[in-house]
Amino acid sequence: MKIFLAQQNYHIGNFEANVARILDGIDRGRAAGAELVVFSELCICGYPPRDFLDFADFIRECYAALDRIKAHAPEIGVLVGAPARNPQKEGKELFNASYLLYGGEVKAEIHKTLLPTYDVFDENRYFEPAFRWRCVDFKGKKLAVTICEDIWNLGDNPLYRVTPMEHLIKEGPDVMINLSASPYNYAADTVRRSIVEAHTAKYGIPMLYCNTVGAQTEIVFDGGSLVYDINAQLVKEMAYFREDYALFDLEELTRKKEVPAADHKYYYSATQVGRDTDTLVYLTDDKNIQEIHDALILGIRDYFGKMGFGKATLGASGGIDSAVVQALAVEALGKDAVHVLLLPSPYSSDHSVDDAVKLSENLGNRHDIVHIEKVYNALLETLKPLFGDLPFNIAEENLQSRTRGNLLMGLANKFGYILLNTSNKSELATGYGTLYGDMAGGLGVLGDLYKMQVYALARYINREREIIPNNILVKAPSAELRPGQKDSDSLPDYEVLDRILYQYIELSQGPQEIVAQGYDEALVTRILRMVNRNEYKRNQFCPIIRVSSKAFGVGRRLPIVAKYLG
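Owing to the predicted nature of the structure, the values given are computational and were not obtained by experimental measurement.

**Observations concerning the packing of helix H9 (residues 320-333) against helix H10 (residues 350-363)**
The angle between the axes and the distance between the axes are what describe a pair of packed helices. Direction vectors running N to C along H9 and H10 enclose 15°, while the axes themselves pass 11 Å from each other. It follows from the interaxial angle that H9 and H10 lie roughly parallel. Handedness of the crossing formed by H9 with H10: right-handed. Across the interface between the two elements, Ala323, Gln326, Ala327 and Val330 of H9 pack against Leu359, Ser360 and Leu363 of H10. Partitioned by chemical class, the residues of the contact of H9 with H10 number 5 nonpolar, 2 polar and no charged.

**A look at helix H1 (residues 15-32)**
Here H1 contains 18 residues, and its C-alpha end-to-end distance of 25 Å stays within 8% of the 26 Å for a straight helix at 1.5 Å per residue. For H1, every residue scored as buried is listed here: Phe15, Asn18, Val19, Ile22, Leu23, Gly25, Ile26 and Gly29. All buried residues of H1 lie within an arc of 155° about the axis, which places them on one face of the element. Exposed side chains of H1 directed beyond 90 degrees from the buried face belong to Glu16 and Ala31. Residues of H1 that are buried make contact with strand E1 (2-7), strand E2 (36-38), helix H2 (56-72), strand E3 (77-85) and strand E14 (244-249).

**Things to note about empty space enclosed by the protein**
In this structure the tally under the stated criterion is 2 cavities of 30 Å³ or more. Tyr10, Ser40, Glu41, Leu42, Gly46, Tyr47, Ala181, Thr212, Val213, Gln216 and Phe221 are the residues that line the largest cavity. In this structure, the second largest cavity occupies an estimated 40 Å³ of space. Around the second largest cavity sit Ala316, Ser317, Gly318, Gly319, Ser322, Ala323, Gln326, Ala356, Leu359 and Ile472, which together line it. Elements supplying a minimum of two residues to the lining of the second largest cavity: H9 and H10. By residue number, the principal contributor to the lining of the second largest cavity is H9, which donates 3 residues.

**Observations concerning helix H12 (residues 394-415)**
Taking 1.5 Å per residue, 22 residues should reach 32 Å; H12 reaches 32 Å between its end C-alpha atoms and fits that length. Along H12, the residues that are buried comprise Glu396, Glu397, Asn398, Leu399, Gln400, Ser401, Thr403, Arg404, Gly405, Leu408, Leu411 and Ala412. Next to the buried residues of H12 lie strand E15 (311-315), strand E16 (338-342), helix H11 (373-387) and strand E18 (417-421). Regarding H12, its N-cap is Asn393, as a side-chain oxygen of that residue lies 3.0 Å from the backbone nitrogen of Ala395 further along. A positive backbone phi angle near 75° is found at Gly416, which sits one or two residues after H12.

**Let's talk about the environment of Arg402**
Its place among the elements puts Arg402 in helix H12. Using a relative accessible area of 30% as the deciding quantity, one classes Arg402 as partly exposed. C-alpha separation for the pair Arg402 and Met439, spaced 37 residues apart in sequence, amounts to 9.1 Å. Those residues in contact with Arg402 that lie beyond four places of it in its chain are Thr434, Leu435, Tyr436 and Gly437.

**Regarding the sheet that holds E18**
The strand order across the open sheet formed by 5 strands is E17-E16-E15-E18-E19, and the pairing between neighbours is parallel. Across the chains shown, the open sheet's two edge strands, defined by having one partner strand only, are strand E17 (366-369) and strand E19 (443-444).

**Quick notes on the sheet that holds strand E6 (residues 136-138)**
The strand order across the open sheet formed by 6 strands is E6-E7-E8-E9-E12-E13, and the pairing between neighbours is mixed. Sheet topology places E6 and strand E13 (234-237) at the edges, where each strand pairs with a single neighbour. Neighbour-to-neighbour, the strand axes of the sheet open up by a mean angle of 20°, direction not taken into account. Here strand E9 (residues 207-211) runs beside strand E12 (residues 226-228); their pairing, made up of 3 bridges, is antiparallel. The partner of Leu208 across the bridge, within E12, is Val227. With respect to the sheet, helix H4 (residues 188-203) is in contact with strand E8 (175-180), E9, E12 and E13, its orientation differing from that of E12 by roughly 30°.

Rules used throughout
- Residues numbered from 1 in each chain as written.
- Predicted model: local features only at pLDDT ≥ 70, side-chain atom pairs only at ≥ 80, totals over all residues.
- Heavy atoms only, no water.
- Axes fitted to C-alpha atoms, helices over the stretch in contact; angles between N-to-C directions.
- Helix = DSSP H or I, 4+ residues; strand = E, 2+ residues; numbered from the N terminus.
- Parallel < 35°, antiparallel > 145°, perpendicular 65-115°, else oblique.
- Left-handed = near helix turned anticlockwise from the far one by under 90°.
- Contact = heavy atoms within 4.5 Å.
- Nonpolar A, V, L, I, M, F, W, Y, C, P; charged D, E, K, R; others polar.
- Expected span 1.5 Å × (residues − 1).
- Buried < 20%, exposed > 50% of the residue type's maximum accessible area, 1.4 Å probe, protein only.
- Arc of directions from axis to C-beta.
- 1 Å grid on protein atoms, 1.4 Å probe; cavity = no way out; pocket = protein on both sides within 12 Å on 5 of 7 lines; lining within 4 Å.
- Points joined across faces, edges and corners; volume = space filled by probe spheres on them.
- Polar contact = N/O pair within 3.5 Å; in protein donor to acceptor, adjacent residues only side chain to side chain.
- Pairing = 2+ DSSP bridges.

Now the structure itself:
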C-alpha cells in the first residue's frame, strides 16, 4: 500500500480555505500514486478551535466540509480530522475524531482517547474520550489509527490510565498511523522522535506520524512529520515550519533488516530534555536558536496573513529587544510592511538613536523620529498639582513609556498597523515593564525568550552580515528612563536571572530545589517574589508567540490574587 502524508497549514474556522488545501493534498497524493492520503488532527476546522466547538453552526460546517471531501476522492482513501457528534446522551457532545473516507462514504470513524488538558491544551473541556478501540480495515491491511496524544502515554509515569495501542495491537495491525497537531517548543523534535521510535520498537510495526504546520495566534505548529519502519529506524523526517508532502510504500516500511543494536534514550517531555543540560547552554544552543528564529518568523507571518493585517509598527529604541523584533518583522513581512518610530526622551542617549537609525538603514524599512519631550512635559505639568514636590521616581519614568505607547498606538490606529511588542520573558517574568507603555501591543514576539536567548538570536540574525549594529549587542541594556539607568540597577545579572527563572517557570522547581543547586537563597526568594507579584501585569499582556514548554499566557494559568511566594 502506498501512503501519502500531507503536512499542511490550516486556518481555524476558515472552512473554505481548509477544504481547498485538503483537496489539493488529495490531488497531490493521487498524482503520486497513493492509495491512502493522511492529513492531521482536526484539519477540517483547524486546531485548536476552542469554544467555537460550542456553536452548532460550527459543527455543521465541519460536516458539510466532510461531505465535500468525500465527493472529491471516491477512488482513494483519505484520513482527515474533524469533530464528531456523540450520539449518546451521556458524556460530552463531541468526539475529537479521524474519518476514513473511501468510495464517497465514511468507512470508519476513530475517536481520540487521551484528551490533553494541560499547558495550552484544554480538550477535556469539549470532547468525550473514546470508549472502544478497533483497527480499521482498508485494502487488505489493518490500520491502527490514533490521534496525537493517544501515542504519548509512555514512560515510567503514564499520565493516563488507558493506552490505545495496547488495545489495538491485539488485532494484529500492519501499521500505526497518527494524525497530530503537536505544537513547537525547542525540545519538541527530540521528544517526538523518541515517542515514535519507542512505539515502533515496542509494537514491532511501522508508524506514520502526520503533524500540522503553521501558527494559530500564539501557538506555532512546526510540522516535522515522521515515518519509522518496522526496525525502529527513522525513514523520513519531513520539513519544519513549512508545508511538505511525501509518499511511502508500506511494503518497504515492513521489510525486516539487520540493524545494529542501540541503547535508545527515550524522552517523553520537554521538561525531561530541559533537565539534561546546563540551562543557559540549552536555551542558547545554536540548533534551538535557529529553530526559534524560524518559529518566530512563521508566527509573525501567519498572524498577519490569517488576520488580514498588512503592516507592522514598533518602537525602535536602539536596544537589543526592539532591534531583534524589527529584524524579524522585516524578514517575515518585508521591509515595506514595517514602519518604526524612534521616540527619544530627554534621557535617551545619542548612540541609541544613531544605532536605531543605522538598523533601519540596514534593513531598508521606513523610520521616523518623534521626540516625546513636549508630550512628556505636558503630562508632568498636568499632574504637577497632584504630584506636588514629591521626588522623581518610577511614576515619571513610566509616563515616558506610556507616552511612547500612545504615539505608537496612534500611528497604528491611523494607518491600520499592528503594534509588535518587544518585551522579553525575563522582563515579563519580573514585572520589568510598564502597563499601557512598553507592554502595549497586538503580538508579543519575544515574550517567550529569556534575555540571553534574545542576544543569541541577534547573533544568529547577524550570522552572514551585520544587520543589527554591533554596538547594540555589546552595550549594557537600559530602559533609559532616567540618567545613567541600566537594567542591572533593578534586576540581577541576566545570566543568573535567566537560569533561576527557567528552573521556576519551565521546570516548576520550588525555592528549596533551586537553592539546593547553589543559588543564593535571598536572591532566589527575591526573584520568585517578583514573578508571582507581577501576574496581574502579564494577565493584561498581548498574545505571545510560544517557543518554550511553558509560555506566559494560555499555557501558564496562575491566580492573580494569591500569597504563595509573594
